[in-house]
Each structure stands twice: as C-alpha cells, then as structure tokens.
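Fold and contact review
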Amino acid sequence: MTSKILQVKNISKSFAGVKALDQISLTINEGEIVCLVGENGSGKSTLVKIISGVYSPDNGEIIINDHSYKKLTPIDSMREGVQVIYQDFSLFPNLSVAENLVINEHLSSGKKFVNWKEFDHIAAKGLAEINVSIPLDMMAGDLSTADRQLIAITKATLAKARVIIMDEPTTALTQKEIHSLFNIIMDLKKKGISTIFVSHKLNEVTEIADRTVIFRNGKKVMDQDAKTLDIKTMEWYMTGRELDKSGIQFSHVNQQTEPLLEVENLTLQGKFTNVTFSLNPGEVLGITGLLGSGRTELALSLFGETPANSGEIRIEGKTVSIKSIQDAMNNRIGYVPEDRVIEGLFLDQSISDNVVVRVINKLVNHLHLINPQSISQVSNEWITRLEVKTPNGNLPAKSLSGGNQQRLVLAKWLASDPKLLILNSPTVGVDVGSKASIHELIRNLANQGMGILIISDDVPELMQTCNRLILMRRGKITNEFKRETITEELLNKEMVANRSGMVQ
Amino acid sequence: MKNSNVGYKSTIDKQTLLLLGIFTILMVFFGFVEDSFLTNRSISSMAIQLPEMGILSLAMMITVMIGGINLSVNATANLSAVLAGLFVLQVVPQLATDGNGGALIVTIILVALLVGVLTGVFNGFLVAYLNVPPILATLASMTVFTGIGVGLTKGQTVTGFPDALGMISSQSVFGIPLPFFVFVGVSIVTHVLLKYTTFGFKTRMLGTNPTAAKFSGINNKSITMKVYVMSSMLASIAGVLIMSRTMSASNAYGTATYVTLTILIGVLAGVISGKGSVINVFITVLILQVISTGFHMLLAGVKGSAFFKDFVWGILLIAIFIINYFSRSRNKE
Amino acid sequence: MLKKTIKSNEFITFSIIVLLSLIIGIINPAFFSLATVFDVLRASIVPSIMAFGLLLVIIAGGVDISFVAFAALGAYGTHMLLLHYGYQGGILLYYIIACAIGLLAGSLSGFIITRFDVPMFDVSLATFTLWYGFIRFFIGSAKNFQIPEGAVGYYAKFITTVKDPFVGEAGLHISVIYVLVIGVLIHILLKYTTLGRGIYAIGGNKDVAIRSGFNVRRIILIIYMILGVLSAFAGVTQSFLSRHFEPTLFMTQNLDVIAAVILGGASINGGRGSVLGTFLGVVLMQLINRAMVLTGITVEWQELVIGLVLTIFISLPAMRDRINKKTRHPVEIPDEI
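These remarks concern the structure in this document.

1. Let's talk about the overall build of chain B
The helix and strand inventory of chain B stands at 14 helices and two strands. For chain B, the C-alpha atoms occupy an extent of roughly 70 × 55 × 35 Å along the three principal directions. Per-residue burial for chain B yields a buried fraction of 60% across its 333 residues. Just so you have it, chain B exposes about 12800 Å², and 67% of that area is on carbon and sulfur atoms. Averaging the coordinates of the 18 positive side-chain charges in chain B and doing the same for the 8 negative ones gives two points 18 Å apart.

The following block contains the structure:
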C-alpha cells in the first residue's frame, strides 16, 4: 500500500495577514486512515477546505491521482474522488434515503427525468456495499444521527470516493454507533478508500488511526505511525507545552458546612437513573462520561429544561422542585450552555444587552421603566471584570471572537449572582490562552464560595479545575474520584476502559 | 437595515435616514407641483386617514418582531367594531338614546379592547402553546373572527349609532384631527413599551434567538402570548377609529388591502425579527399617506386615479428591496 | 405500505371529505347525487389551477399572495385589449395572450426574488399592490360584461349532463379537463423530473440544494413562470365561467387558496406537498361551503365554520406531537464526545 492518492506540497494560506497554514506537506496513501489532530484554530479545517476546493492556497501544490493543481475547485476535487462529510451531513430531511443517496450522481449526469427504479437499485447497491441496511423509502429526517451519517458515507462511496474526509464524525454518536462507524471505516480501507479523520478526541484517534498528523498554529508539528504515539505525547505536540498543573491553587473545601446541592435518586426515564451526589459551596465537581452517558441530560434536568421524573433535589438543605428554567433561576442556579451561538448569545443584539438579559428585571426605576444608565453600568462592570475585549459595549455580540463570546456568556450568568453554576463544556472552541484564563476564573469563582458543576470530556480541563469527579455511564454514576487520588493518565484509562466495557 | 452594525452607536439608524429622505423628497415634490398640497385642509384630511393604518401597522410590527406575523389584524379591528357596536345598540340601547356621548364612547372602547384581549389570547394560544406557524394560525383566526362578525350581522353593515360616536373623528385640536393624536399617543406608548420596559427587552431577545432566550430564563410562551394580545388590542383601537370615522361597523372594511399594507409598511420600515422601530413605522405611514393624498390631488379627475398610489407603493417597495440588497452586499465587503 | 398511506396527509384530507359527505348525506339525502359532484367539481376548477401553481412555491419553502394579481392582470388585461380591437372570436386567443402576460408578470417576480435575494413573500406583497394598482389605473376599474361572440356559450359547455330532481339539469363543465391535464402535468413535473425534485430539495434545505449543485435561482424563476401562467389561465377560465371580467378578480381570495393548499397536506415550512392533496384540499373547502347550505346552516355562518375547520386542522400536528411526547422518551438532547 504505497500508492499515493493525495499529496499536498508546501501549502500556505493566510487570512487578513494571519497565517492559517504555513508550508504544509502531507501525503495520503491508498487505503490509509489518517487522523488530523489539533486544537481549534490550528489549521486543520483550513487544510480540509483547501483539499476540498473551498479555499485556494496562497502557494503550494495539490496532487491528486497524479494530477497536479495550483488550486482546486470543489468540482475538480469531487471529480478526483475527494468527498467531505460535514457535520450536518448535507442531506435533505424531506427526501427519501434512496433519493438522498443518488441525487448528486443524478444531477451531475445532467438527466432531466428521474427513474425511481434506477434510484432504488443504485441506492440498494450502495448500502449493500458497506453492509448497511436502512429502508430506502424512509425520509432522511426521520433517521437517527448515526443512520444519517451512514447515508452520508454511502453517498460518498457512490460518488466513487477515493478519499473521504470526516469532520469530527463522532460528535453526536453513542459508543455503540462509534464502534460501528469504525468498522465501516476499516471496511472502506479494505476497499482501498482512504479516510482523513478530523478529531480532537485523542482516545478515538489512538483507536482508529494508521497515521497521526498533528497541527499547531498552522504548522504540521508531527506526522508519524499512530502505533508509536501515546495520548500524552500527542497532547504535548498539540499544545506545545508540558501539561503541568501543579501550579493551580485549590482552596480547601470546608466539608463541615451544609452541602449547597444534594441530589438523591434523581431519575429521568431513558436518560439517567438514581443519580445521587452532593456539592459543597466552593467546590468544583466535574461530571464526565461518554456520549449517551446522561451527563448533559442530568445538567439540563438540574436546570429545569427537562425536569426529572423522580428523585429529590435539595439546595442548602431545603427540598426544591425544579420543573422549569424559571424554577432553577429562582433557586439561583445558572447554566452556561455548550453551544454559545445557538443557546447562549443574542448575536445581533448589543454586548450590553447580552450581559444584562438575566437581570433586566432589576434594572428598572420606580416607574418600572428600564434605566439605560443602569444597563451600561452593570454591563461595563462585567465587561471589565471578565476582560471581554471590545471597544464598545454597544457593539453587537457577533463582533466578538470565540473566546470573548464565551466570556460574555459567563458574564451574563455571573451578573445574575448564581449560587450554583453549571458549565457545559466551558472551553469548546476556545483558543489555548483563553482556555487557561477561563479555568482560572472558574477556580476563582469557587474560591469565592460558588458551587460549580462542570460537564466535560476534556480530561486536562477536568484535572485543572475540579476538586472531585463523577464518571457516568449509561445514565448511572459508575465511579467517583477525588482530585488528590487521580491523575490524568488514570482518568484517561478509566474513560477508555469504560468505553471498551461498553462496546462488548 | 438587516445587517448593518454601523447604526449601532448613533441613535438614528440608516433606515430612519433613508425614510426621512424619501419623506422630504415627496413633500417637496408634491409641494411644488400641487399648490393645494401643503394647505391645512389637505394636511388635516391626511391626518384623519392615516391613524387607522398606522395603528394596524404597529399591531403587525410587534408580531413580526418576535418572528411572527398577524394576518388577522384587520379582521380583529372589524370584529371589535362590530361587537362593540352590537353591544351598545342591542344590549345597552339606553346608552345610545340617552345622549350621554362620553359613556357611549367609553363603553365602545372597553368592549372593543375586551374583544382585542380575547382574539389575542386565541392567536397567542395557537402560536405559543400549540406551536402552529403564525402565518397559518392567524390565517385561520382571521377567517374565524370574520366568520363570527359575518354570522352575527348576517353580513350587513351595523349602522344607526348616535352622533356622539363621530366625536372621536370630527374633533380637532389646533386644526389637527383627534385621531392623529390617538395615533401619536399609541405610538409613544408602544415605543416606550418596546424600548424601556422589560417586556420590550425580552421581546427583542426572543425575536433575536428564541433558544438563547429560553436558556436565559425568558418565558417565551408568556411573552409570545402577551405580544399577540397587545397586537390584537392595538387592532381594536384601530377598529374604534374606523367605526367613528364611518359611523358604522362592518366586517368588510379594508379586507382587500389593509393587511397587505401593514406588512408592506413593516418591510419598508425595516422591521425584522428582533428589531423594529416605532419611529420608522411612523415615518413610513406618513410616506404612504403623502403618496396617497399627493397622487390623488395630482391626478384629480383622471379615471381610476385612486389606484395609482397602489401602483407606486409596489414600485417603492421593490426599490427598497434593491437598495437594501446593494447596501447589504456593500456591508459584506 | 398501508400504514404509510393511512398516515399520509392526503389520506387525512380524503377521510375528512368522506366523513363530511356522510354526515351531510345523512342529514340531507339530496346531497348524494351526481349534481352535487358536478357542482363541487365546477367550483373547484379555478381554485385548483391556481393552487397547483402556488403548491410549487409552498414546496420550495415560500408563500405568495400575488398570484391572484397575475390572474386578474392576465384575464382583465387580455379582455380589455381584445375588446379594444373588437375581437369576437373564440376563447383560445384569450388563453394564449393571458398566459403570455402571466408568464411575463411571473418572470418579473422571479427575477426580483432571485437577483436581489428577497424572500418570495416580500416580493409578492409588492407585486400584489403593484398589479392591482396598475390594472385599475392603466387598464380600467370597472367590471365588463361584454363577451366575444365566439365564446358566448362557453360557461355552459358540459361534457355530460344529468337530470336532478332537486336542482333540475346539472352538467359537468369541460374545464374539468384542464384541471386533470394540468394536475397530471404538475404531478409529473414534481415526481419525475430533476427540476421537480429540485423544488422539494430547496424546500428541504436550500443551502444543501445549492451545495449539491441544483441551480436554485433558475428553479425559483421557473416556479414563478409556471405560477404566472397557471394563475392567468385560471383568471380567464373564471371570467368566462362567471361571464364577466373584473379588475379586482380574486383580490380577496388569495388566502383561501393558501388555506386549501395547506388543507391538502403541504407544509408551510416547505419540502412537502402533492398535487392530489392540493386538489383534495380545494374540494374540501368547496364541500364545506356546500355542506352548510345543504344541512341548513345559514350562509352567514359559513366563514366561521371554515375558519374553525382550518384551525382544528392546523392544530392537529401540534396535538399529535404532544401525545407522542408523552408516550415516547423525553426530548432527545444532543450530547458531545
């Protein structure tokens, strides 16, 4: 297997003077599974867009099937057999599986009429080739995420793909589904189809990759056989520093005080069962686990979005009923969602309005009219305290960078003075520098007495911020660790062990 | 302007300037070509016609601001007038005969507003609690509201109101008819509600991003309900004005054009989900009225002259689409 | 397969039609007659033709209120033009000229929509006022009852007639054939052509449609050309059936046609809808009208009943979801990892 399918040579690409890619060279061989790893902004998605013809490189060369290109168009790229599977899978929810599978092929044939028998025939053959059975007449919108992904992969193979690029393909899959996805990738490999697997989940990378390529700040910093790499080394190359967390100050949590939050036998049917734990003021508790483990669902139940069916929640010893988000807020519970753009921010509204949205009811005068001065006062205070970088609070939130948007979401919640703050994946999509300062901020908030729950699968992040960790699996708490007794290696191992136990 | 960030710092946005520009050009144009245009009579005739349309446009605007639409505004106005009219004529006829104008008008307004609340709850329930797309919900409710009115009146116009009813429309202060002051008052109240109350703040947030609004603890259902109730109540006020001007109540007033016009005014005024300006709507209503009156005077005696303005409105709207398109693509660069 | 048919929107609409017919028939047996069928069909002809055009817009994810203006412009414009030249021939020339006018008006809307990226609904607002204003200012604002000699008897051209004990003679008008032909053509377009699949694709996900290589602008332009032609065709047909031409033809009926398309199972959010369903939706609206006359509900309450039926129909999906939510798992929440 030495035949080269795809080569990029000395590719560079700048955006507004910032080098996104710097002299990158990379070779993909036939039937090879290559994992592209790197933090956000490291350049891996820029490279994918260059290979798929969305961006044209500033200089360098792309060679596919011995054809050399200075720049590619999306159509060139597809014709050469490069297929990208985006996270939205590019399917039509209202069309049948068969039609979704064949439509691209049909369009490029230029035919004016549709032959449904032929559609079914091609689609059935395509699905059979990767050993998948999904009813051809089902609407794509009625399929599960995993099935939709399979359709997208089949679509790529039907388009005679030689290289399939998968962008964070496991994001919305359960363990079982990830396992069968990996089986399919192995099957594709046997057929000589190469896969470029873009991911930041190192345990998955170690499992599937033939070769691992690591990007940092637009440069390729590592390219070697995956078998000789361990997670720690990969991390080192990704971040460019030894992840040493000894410098972090953990205040001693006073175990004598009454717990801030007690959860007893909390159950939400189909999501989690009999969850019991407690959280003291000033404590940071990490809740981790794999997809489908119920960790996000648990957080959303505590926040009243999907109230639990049974069990008890006590806050400062008092039993509370949390049936709605309003209930949660009345108990001074805050929730910072993972998806800033969709769940957290009002991008078209001003930064100030975003800060005060939680406390607007308090910013009124005796006539119950909003006082614009109070708004700018409160928002300026939080913009300063959280170091949100902006020239003017009146600018729309969409003018901020990713890290600053994340701070803005935090500011919005902190402004409402919560006792308990639930953070869902607080640093997803945030650059390394902002990440560290957000972690520091979390520690500081805890030191001031706030109780914090962090939902995350980012092991270093959990190690840096949490006093205690809960591991969830299939809706149940399976293990609990004290910070003093766990190391990053051990936690990684636990999570992976947890996974393989599940797959069998 | 849909994508402009430029107007954020200044208090006057680009759309306001554009509209003011159009308004000025039109005033100058008609002032020059038509001597009688800037006379008291002409201005007062304009001021008596535009409040109904203006208030209906505000009723439409607030629903568009939360990503909705209210096709039933005109039906609500008419039903309010019909029910208020039937109430004073048939349930409390002594009010109509006593000659107590004040009590009559107050009763009519109260009944109309009550109808506004009920119709608003009907719309709000469909949209907020049954998740029916607003365009369908209010299409259905429009038929229901008109249906109730037609059923009760057997399709006839309700007439026979005492002269006192006409007071609202016939009174003027400083030569300007009372309805215009009603419009100004309603506009100011709406402006304050949207700009300086938590209700207005939440309305904007809900319109910008309903999911984030939910996660920020805004009760989306309740805000949606309130918006539709407010929309209907505004429509009811317009209904009372129509009733007073025509001295009658009917389900047929404005059915062909009013709803279309209110949406058109909203589009011209740059109302979108999460963003809407009472001032822009106000100026737009003035513009439409100037075009209407201006061409009416200019084309006096020409057959079908009353319809030329419809033609111009359509052209104007298309012109705004094209201007917006180019300013959008310039902003992108 | 059977299960799928039963769950389909067309089947629901069809069931409502059957149920409603049975109820009316039981209350008033005179309802069960060919005369009723002919009558309902005749009333459905014109709205069906417009609804077929509108269906394309709705499947593509848009809404339009201006198609009635295309109809008025086509019919009234053609009539006043031909009247001016003293035309006394048959109906065919009417159809040709009117369809050409409709094609132009539709193309103009399609051009504005695609060239300046304006939502279909917004453009239709502008063209709605524009064309009705244009007709009444530039063409004429009065109804006209002169029918060219060659087309005088057209309104009563029947394929077949039956004697009915209650209404006397009743006939099946020949323009039913138009509905059949146009319906079949649009069905083939939607189901068996690449263009038609493109319309569904745009309604399903416009961005993916562009990415997949559909020429979205061209498709929308063609949709509007078809809408223009069909509306003008319907306008001429209506004018000859009612034996007069009016400048404000259909002006207040656009929402009824939208309602019929929705009753026929099309989704207002786009991506779903069929010719058969749309026809059934139109028939259902007409049936409700007849039902009230025949069951003794007085005419003035008709509109309310239609409104209530429409309200219940559009609330059905929400209620179905509600029941599903209670029996199925709670809302699925996307997770990471």
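2. So, the overall build of chain A
Secondary structure assignment for chain A yields 17 helices and 20 strands. The C-alpha atoms of chain A give 25 Å as radius of gyration, which agrees with the globular expectation for 504 residues (23 Å, within 12%). With respect to the principal axes defined by its C-alpha atoms, chain A has extents near 70 × 50 × 50 Å. Taking as baseline every contact in chain A between residues at least 6 positions apart, the subset at least 24 positions apart corresponds to 67%. For chain A, the accessible area works out to roughly 21200 Å², and carbon and sulfur atoms hold 50% of it.

3. Quick look at a nonpolar patch on the surface
On the surface, a cluster of nonpolar side chains totalling about 840 Å² of accessible area is made up of Phe113(A), Ile159(C), Ile177(C), Leu180(C), Val181(C), Val184(C), Leu185(C), Ile188(C) and Tyr192(C). Tracing the sequence through the fold places Ile177(C) in helix α7 (residues 176–192).

4. Let's talk about the pairing of strand β12 (residues 272–279) of chain A
Residue and element names in this part refer to chain A. Note that strand β11 (residues 261–268) and β12 share five bridges and pair antiparallel. Within the sheet, the bridge partner assigned to glutamate 262 lies in β12 and is serine 278. Connecting the antiparallel pair β11 and β12 is a turn made up of three residues, with glycine 270 showing a positive phi of about 80 degrees.

5. A look at the side chain of Glu204(A)
Residue and element names in this part refer to chain A. Considering the arrangement of structural elements, one finds glutamate 204 in helix α7 (residues 202–208). With relative accessibility at 1%, the residue glutamate 204 sits in the buried group. At a separation of 2.7 Å, a polar atom in the side chain of glutamate 204 contacts the side chain of threonine 170.

6. With respect to the interface of chain A and chain C
Between chain A and chain C, the residue contacts involve 43 residues of the former and 27 residues of the latter. Taken as a group, Phe92(A), Leu107(A) and Trp116(A) account for 19% of the area that chain A buries against chain C, more than any other trio of residues on that side. Applying the counting criterion to the chain A and chain C interface returns two salt bridges. In this assembly, chain A and chain C are joined by ten residue pairs in polar contact (both at pLDDT 80 or more). For the side of chain A that touches chain C, the secondary-structure elements that each account for two or more residues are α3 (97–109) and α9 (295–302) of chain A. Tallying contributions element by element places α3(A) first for the side of chain A that touches chain C, with five residues.

7. Here we look at the packing of aromatic side chains
Taken as a whole, this structure holds 36 aromatic pairs over all chains when the rule is applied. A ring pair is formed by Tyr325(B) and Phe116(C), whose centres lie 5.5 Å apart and whose planes are at 75 degrees; its orientation type is edge-to-face. Of this pair, Tyr325(B) sits in helix α14 (residues 308–332) while Phe116(C) sits in the loop between α5 (92–115) and α6 (120–139), each in a different chain. Pair check on accessibility: Tyr325(B) and Phe116(C) agree, each one buried. With a centroid separation of 4.9 Å and 85 degrees between ring planes, the pair formed by Tyr94(C) and Phe240(C) is classed as edge-to-face.

8. A few points about the interface of chain B and chain C
One widely used convention gives an interface's size as the accessible area the parts lose upon coming together. Contact with chain B, which involves 47 residues of that partner, is made by 42 residues of chain C. Between chain B and chain C lies a buried interface of about 4000 Å² when both sides are counted; carbon and sulfur atoms form 79% of it. Ranking the residues of chain B by area buried against chain C places Phe307(B), Phe311(B) and Phe321(B) at the top, with a combined share of 14%. Counting across the chain B and chain C interface gives one salt bridge. Put simply, Arg136(C) and Asp310(B) hold a salt bridge, and the shortest N to O gap is 3.3 Å. For the pair chain B and chain C, the number of links is three residue pairs in polar contact (both at pLDDT 80 or more). Looking at the side of chain B that touches chain C element by element, the count peaks at 14 residues for helix α6 (residues 134–153) of chain B.

9. Section: the sheet that holds strand β17 (residues 420–424) of chain A
All names here are of chain A. An order of β16-β17-β18-β13-β19-β20 is seen for the six strands of this open sheet, with the pairing classed as mixed. The open sheet is flanked by β16 (333–336) and β20 (476–482), the only strands paired with a single partner. Put simply, the sheet's adjacent strands are angled 20 degrees from each other on average, direction ignored. In this sheet, β17 lies alongside β16 in parallel orientation, the contact comprising four bridges. Bridge pairing in β17 places valine 336 opposite leucine 423. Each of β16 and β17 is contacted by helix α14 (residues 402–414), which is oriented at about 170 degrees to β16, the strand it contacts most.

10. As for the sheet that holds strand β5 (residues 67–69) of chain A
Sheet strands pair via backbone hydrogen bonds, and the direction of the pair is either parallel or antiparallel. All names here are of chain A. Pairing is antiparallel across the open sheet formed by four strands, whose spatial order is β2-β1-β4-β5. Edge strands, defined here as strands with exactly one partner in the open sheet, are β2 (18–29) and β5. Adjacent strand axes in the sheet meet at a mean angle of 15 degrees when their direction is disregarded. Lying over the sheet, helix α1 (residues 44–51) contacts β1 (4–15), β2 and β4 (59–64), oriented at roughly 120 degrees with respect to β1.

11. Section: the pattern of salt bridges
Where charged atoms from two side chains of opposite charge come close, those side chains can pair. Within this structure, the stated rule accounts for 28 salt bridges over all chains. For Arg211(C), the salt bridge identified is with Asp88(A), shortest N-O distance 3.2 Å. On the criterion of chain membership, the pair formed by Arg211(C) in helix α9 (residues 206–212) and Asp88(A) in the loop between β6 (82–85) and α3 is interchain, its members lying in two chains. Residue classification places Arg211(C) among the partly exposed residues on the basis of a relative accessible area of 41%. The partly exposed category is assigned to Asp88(A), whose relative accessible area is 43%. A salt bridge links Lys160(A) to Glu105(A), with the shortest nitrogen-to-oxygen separation between them at 3.8 Å.

12. Quick look at unusual backbone geometry
Residue and element names in this part refer to chain A. Positive phi values are uncommon outside glycine, yet lysine 160 reaches one of about 60 degrees. Relative to the helices and strands, lysine 160 is located in the loop between α5 (145–158) and β7 (163–167). On the accessibility criterion, lysine 160 (61% relative accessible area) is exposed. We note that glutamate 387 has phi near 55 degrees; this positive angle belongs to a residue other than glycine. You can see glutamate 387 is positioned in the loop between α13 (372–385) and α14.

About the cut-offs
Residues numbered from 1 in each chain as written. Chains lettered and ligands numbered in written order. Predicted model: local features only at pLDDT ≥ 70, side-chain atom pairs only at ≥ 80, totals over all residues. Heavy atoms only, no water. Helix = DSSP H or I, 4+ residues; strand = E, 2+ residues; numbered from the N terminus. Buried < 20%, exposed > 50% of the residue type's maximum accessible area, 1.4 Å probe, protein only. Areas by Shrake-Rupley, 256 points an atom, 1.4 Å probe, with all protein chains shown as cover. Lys, Arg positive; Asp, Glu negative; His and termini not counted. Charge placed at Lys NZ, Arg CZ, Asp CG, Glu CD. Rg over C-alpha atoms; globule rule 2.2 N^0.38 Å. Contact = heavy atoms within 4.5 Å. Patch = residues over 30% accessible without salt bridge, like charges linked within 9 Å, V, L, I, M, F, W, Y side chains within 5 Å. Salt bridge = Lys/Arg side-chain N within 4 Å of Asp/Glu carboxyl O. Pairing = 2+ DSSP bridges. Polar contact = N/O pair within 3.5 Å; in protein donor to acceptor, adjacent residues only side chain to side chain. Buried area = accessible area lost by both parts, 1.4 Å probe. Phe/Tyr/Trp six-rings, centres within 6.5 Å; stacked < 30°, edge-to-face > 60°. Axes fitted to C-alpha atoms, helices over the stretch in contact; angles between N-to-C directions.

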